[in-house]
Amino acid sequence: VRRGSPPPDAFSRLEPLMSCACGLDLDFEDTGPEGLARGERLLLWGVRTWAALRLQGQPADTTIRAAFARAASPRTASLFLQTMMLVEGELVRPLQIQCPHCVGYAIDEQRLVTACGLAAAAPGLASRLLSPLVARPDVAAVLVRALNHALALDGAPLPVRMGEPVDHAPPVATATLH
């Protein structure tokens, strides 16, 4: 696939790490490893649910829109859907995505969620995190920055996590009061 042209059936090229039965009715609060913030869990659930539904040949919009509207707002739901449509259309290689109720955290999932958290504070770094995944990481970084802002307005701010992705998420540290 040429860089810059969307691959055909992009999400059919996902490399799902789904060895268990997929429970799409799972509450997003139970998604992913320990230590993720509420907004990160919502994003991770959204990415995983989007991929699971697309792999099953089902539309993801209704399920995603309803869950994000309940957990955040209709605005955030729309931004998430726009972001995932861009990611799907711009994929440069298959993504590794786990099933919605797995506790692990695949490297591509970490890249997407962490880039969203970094986008407001370090848009260049967010773009670099997205560059192995999408043909136009700068465009994707603009959308994830808007998504970051919307989540913050909805009471689900994303932490700015610097450093390399890891096999498990470190516990979220609380702020030190001075």
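As the structure is a prediction and not an experimental result, all values here were calculated from the model.

Cut-offs and rules
Residues numbered from 1 in each chain as written. Predicted model: local features only at pLDDT ≥ 70, side-chain atom pairs only at ≥ 80, totals over all residues. Heavy atoms only, no water. Helix = DSSP H or I, 4+ residues; strand = E, 2+ residues; numbered from the N terminus. Buried < 20%, exposed > 50% of the residue type's maximum accessible area, 1.4 Å probe, protein only. Polar contact = N/O pair within 3.5 Å; in protein donor to acceptor, adjacent residues only side chain to side chain. Contact = heavy atoms within 4.5 Å. Core = buried A, V, L, I, M, F, W, Y, C linked by side-chain atoms within 4.5 Å. Expected span 1.5 Å × (residues − 1). pLDDT = per-residue confidence, 0-100. Phe/Tyr/Trp six-rings, centres within 6.5 Å; stacked < 30°, edge-to-face > 60°. Axes fitted to C-alpha atoms, helices over the stretch in contact; angles between N-to-C directions. Parallel < 35°, antiparallel > 145°, perpendicular 65-115°, else oblique. Nonpolar A, V, L, I, M, F, W, Y, C, P; charged D, E, K, R; others polar. Left-handed = near helix turned anticlockwise from the far one by under 90°.

**Some points on the side chain of threonine 114**
Line of reasoning, step 1. For threonine 114, the position within the fold is in helix α4 (residues 107-118).
Line of reasoning, step 2. For threonine 114, a relative accessible area of 15% corresponds to the buried category.
Line of reasoning, step 3. Looking at threonine 114, its side chain comes within polar contact range of the main-chain oxygen of glutamine 110, at 2.7 Å.
Line of reasoning, step 4. Other than its neighbours up to four places away in sequence, threonine 114 contacts Leu129 and Arg161.

**Some words on the nonpolar core**
Line of reasoning, step 1. By size, the foremost hydrophobic cluster in this structure holds 46 residues, and its most contacted members are Leu43, Ile64, Phe80, Leu130 and Leu151.
Line of reasoning, step 2. Elements with a contribution of two residues or more to this core: α1 (38-55), α2 (61-71), α3 (74-90), α4, α5 (123-130) and α6 (137-153).
Line of reasoning, step 3. Ignoring any residue separated from it by four or fewer positions in sequence, one finds leucine 151 in contact with Leu42, Leu43, Ala72, Thr76, Ala156, Pro157 and Leu158.

**Some thoughts on α4**
Line of reasoning, step 1. Here α4 spans 16 Å end to end across 12 residues, near enough to the 16 Å set by a 1.5 Å rise per residue.
Line of reasoning, step 2. Across the 12 residues that make up α4, a large majority, 11, are buried.
Line of reasoning, step 3. For α4, every residue scored as buried is listed here: Asp108, Glu109, Gln110, Arg111, Leu112, Val113, Thr114, Ala115, Cys116, Gly117 and Leu118.
Line of reasoning, step 4. For α4, the elements touching its buried residues are α1, α3, α5 and α6.

**Points about the environment of arginine 136**
Line of reasoning, step 1. Looking at where arginine 136 falls in the secondary structure, it is placed in the loop between α5 and α6.
Line of reasoning, step 2. Using a relative accessible area of 42% as the deciding quantity, one classes arginine 136 as partly exposed.
Line of reasoning, step 3. Separated by 46 residues in sequence, arginine 136 and glutamate 90 place their C-alpha atoms 6.8 Å apart.
Line of reasoning, step 4. Apart from the residues within four sequence positions on either side, arginine 136 is in contact with Leu86 and Glu90.

**A look at the confidence of the model for the protein chain**
Line of reasoning, step 1. Summing up the model confidence of the protein chain, the mean pLDDT is 81 and the portion of residues at 70 or higher is 75%.
Line of reasoning, step 2. Taken as a whole, residues 10-21 scores under 50 in pLDDT and shows 44 contacts with residues more than four places along the chain or in a different chain.

**Topic: the packing of aromatic side chains**
Line of reasoning, step 1. Counted by the stated rule, this structure contains one aromatic pair.
Line of reasoning, step 2. With a centroid separation of 4.5 Å and an interplanar angle of 20°, the aromatic rings of phenylalanine 68 and phenylalanine 80 are classed as stacked. In this pair, phenylalanine 68 sits in helix α2 while phenylalanine 80 sits in helix α3, placing the two residues 12 residues apart along the sequence. Here phenylalanine 68 and phenylalanine 80 have matching classes, each one buried.

**Examining the packing of α1 against α2**
Line of reasoning, step 1. In the contact formed by α1 and α2, the axes pass within 10 Å of each other and the chain directions differ by 170°. By the criterion of interaxial angle, the relationship of α1 to α2 is roughly antiparallel. Residue-level contacts link Arg38, Leu42, Leu43, Trp45, Gly46, Thr49, Trp50 and Leu53 of α1 to Thr63, Ile64, Ala67, Phe68 and Ala71 of α2.
Line of reasoning, step 2. Class assignment for the residues of the contact of α1 with α2 results in nine nonpolar, three polar and one charged.

**So, the environment of arginine 38**
Line of reasoning, step 1. Position of arginine 38 relative to the elements: it lies in helix α1.
Line of reasoning, step 2. Spatially, the C-alpha atoms of arginine 38 and phenylalanine 28 are 8.6 Å apart, while their sequence positions differ by 10 residues.
Line of reasoning, step 3. Looking at arginine 38, its side chain comes within polar contact range of the main-chain oxygen of alanine 71, at 2.9 Å.

**Here's the deal with the packing of α5 against α6**
Line of reasoning, step 1. Viewed as axis vectors pointing N to C, α5 and α6 meet at an angle of 120°, and their least axial separation amounts to 8 Å. By the angle between their directions, the pair α5 and α6 is classed as oblique. Crossing hand, α5 versus α6: right-handed. Of the residues in α6, those touching α5 at Pro123, Ser127 and Leu130 are Pro137, Asp138, Ala140, Ala141, Val144 and Arg145.
Line of reasoning, step 2. Of the residues that constitute the contact of α5 with α6, the class distribution is six nonpolar, one polar and two charged.

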